Amino acid sequence: NAGVIQTPRHKVTGKGQEATLWCEPISGHSAVFWYRQTIVQGLEFLTYFRNQAPIDDSGMPKERFSAQMPNQSHSTLKIQSTQPQDSAVYLCASSLGQDTQYFGPGTRLLVL
Amino acid sequence: QQKVQQSPESLIVPEGAMTSLNCTFSDSASQYFAWYRQHSGKAPKALMSIFSNGEKEEGRFTIHLNKASLHFSLHIRDSQPSDSALYLCAVSPANSGTYQRFGTGTKLQVVP
């Protein structure tokens, strides 16, 4: 079991560019979560899918952030017109249900 | 909505000391309580969990849960420099339609 896979591990973009982050959950896990982590804000919930359906996106900045899960083996988080304040580590996690979440290594996004 | 809060925000303890980390939650119907540990530059990883009131010990680590007080804690006996990390508490709700919520974390540093 390879665990949760996230690509790329590091991404540098210029202000105003688009960034797409990928997540492959653990096979068989029905829930996929996206978080953003910074030193100042800590771990922030962004969005949650269960059985590929979006359940809760209450943490997503509505204007520029979007997430999709087109099939059970991957999810994407897209940030349009990136801003320096979007710089963070973006973590994807998956779980069988309501309990233990298994995190990927994260994508470190730097917006210049 | 479930609120999960941790204290203290940061903690420095000498090697060999007992460390105590605290987590409070707002929903008394919550049913699963966990601690995650995140070493610098790594993903959070589940450390220990508990379902019912009381305590659970695994090696140097002990969880105490008191649902009536809306409080659970992690105690680390004989703290080691390798225990230095960010500790996140997590609470899962009784409602099957939602998901585990995380606190903002306690940064622990164990100094030799």
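That block above? That's the structure.
The present account deals with the structure reproduced in this document. In this text, all values refer to a predicted model and were calculated from it rather than measured experimentally. Positions within a chain are numbered from 1, following the residues in the order the chain's sequence is written. For this description, chains carry letters from A and ligands carry numbers from 1, given in the order in which they are written. Per-residue local features are limited, in this predicted model, to residues with pLDDT of at least 70; the limit for side-chain atom pairs, both in listing and counting, is 80 or more; totals at the level of whole chains, interfaces and linings are taken over all residues. Side-chain descriptors were evaluated using all non-hydrogen atoms of the structure, hydrogens and water having been removed beforehand.

### Regarding the state of the cysteines
Residues and elements named next belong to chain A. Rules: To count as a disulfide, a pair of cysteine sulfur atoms needs to be within 2.5 Å. Secondary structure counts use DSSP, requiring at least four H or I residues in a row for a helix and at least two E residues in a row for a strand, with both numbered from the N terminus. Residue burial is assigned from relative accessible area. The probe radius is 1.4 Å, only protein chains are included, and a residue is buried under 20% of its type maximum, exposed over 50%, and partly exposed in between.
This structure, assessed with the given rule, holds two disulfides over all chains. Across the disulfide from Cys23 sits Cys92; the S-S distance is 1.8 Å. Across the disulfide from Cys23 to Cys92, rotation about the S-S bond amounts to roughly -65°, and the bridge is consequently left-handed. Here Cys23 is found in strand E3 (residues 19–24), whereas its partner Cys92 is found in strand E9 (residues 88–95), with 69 residues between them in sequence. Residue Cys92 is classed as buried on the basis of its relative accessible area, which comes to 0%.

### Quick notes on the interface of chain A and chain B
Rules: Contacts are residue-level and defined by heavy atoms, with any inter-residue pair within 4.5 Å sufficient. Accessible area that two parts lose when put together, evaluated with a 1.4 Å probe and summed over both, is termed the buried area. The salt bridge criterion pairs a side-chain nitrogen of Lys or Arg with a carboxyl oxygen of Asp or Glu, the two atoms within 4 Å. Whenever two N or O atoms come within 3.5 Å, that pair is a polar contact, provided that in protein one can donate a hydrogen and the other can accept it, and provided that, for residues adjacent in sequence, both atoms are side-chain atoms. Three residue categories are used. Nonpolar comprises Ala, Val, Leu, Ile, Met, Phe, Trp, Tyr, Cys and Pro, charged comprises Asp, Glu, Lys and Arg, and polar comprises the others, including Gly.
At the interface, 17 residues of chain A touch 20 residues of chain B. Between chain A and chain B, a total of about 1500 Å² is buried, with carbon and sulfur atoms accounting for 51% of that surface. The interface formed by chain A and chain B includes zero salt bridges. The tally of links from chain A across to chain B stands at three residue pairs in polar contact (both at pLDDT 80 or more). Those elements that provide at least two residues to the side of chain A that touches chain B are strand E4 (31–38), strand E5 (42–50) and strand E6 (53–56) of chain A. Looking at the side of chain A that touches chain B, the element that brings in the most residues is E5(A), giving four residues. Of the residues assigned to the side of chain A that touches chain B, the class counts are nine nonpolar, five polar and three charged.

### Topic: the pairing of E6(A)
Residues and elements named next belong to chain A. Selection criterion: Strands pair, by our definition, only if DSSP identifies at least two bridges between them.
Of the strand pairs in this sheet, E5 and E6 are connected by three bridges, and their pairing is antiparallel. Within E6, the position partnered with Tyr48 by the bridge is Asp56. Between the end of E5 and the start of E6, which pair antiparallel, lie two residues, with Asn51 showing a positive phi angle near 50°.

### Some remarks on the sheet that holds strand E1 (residues 5–7) of chain A
All names here are of chain A. Here is the rule we go by: All axes here are fitted lines through C-alpha atoms, helices being fitted over the stretch that makes contact, and every angle between N-to-C directions spans 0 to 180 degrees.
Pairing is antiparallel across the open sheet formed by four strands, whose spatial order is E1-E3-E8-E7. Looking along the sheet, the strands with just one partner apiece sit at the ends: E1 and strand E7 (65–71). If you compare each strand with its neighbour and ignore which way they point, the axes differ by 20° on average. As judged from the five bridges shared by E7 and strand E8 (residues 74–79), these two strands associate in the antiparallel manner. Along E8, the bridge assignment pairs Gln68 with Thr76.

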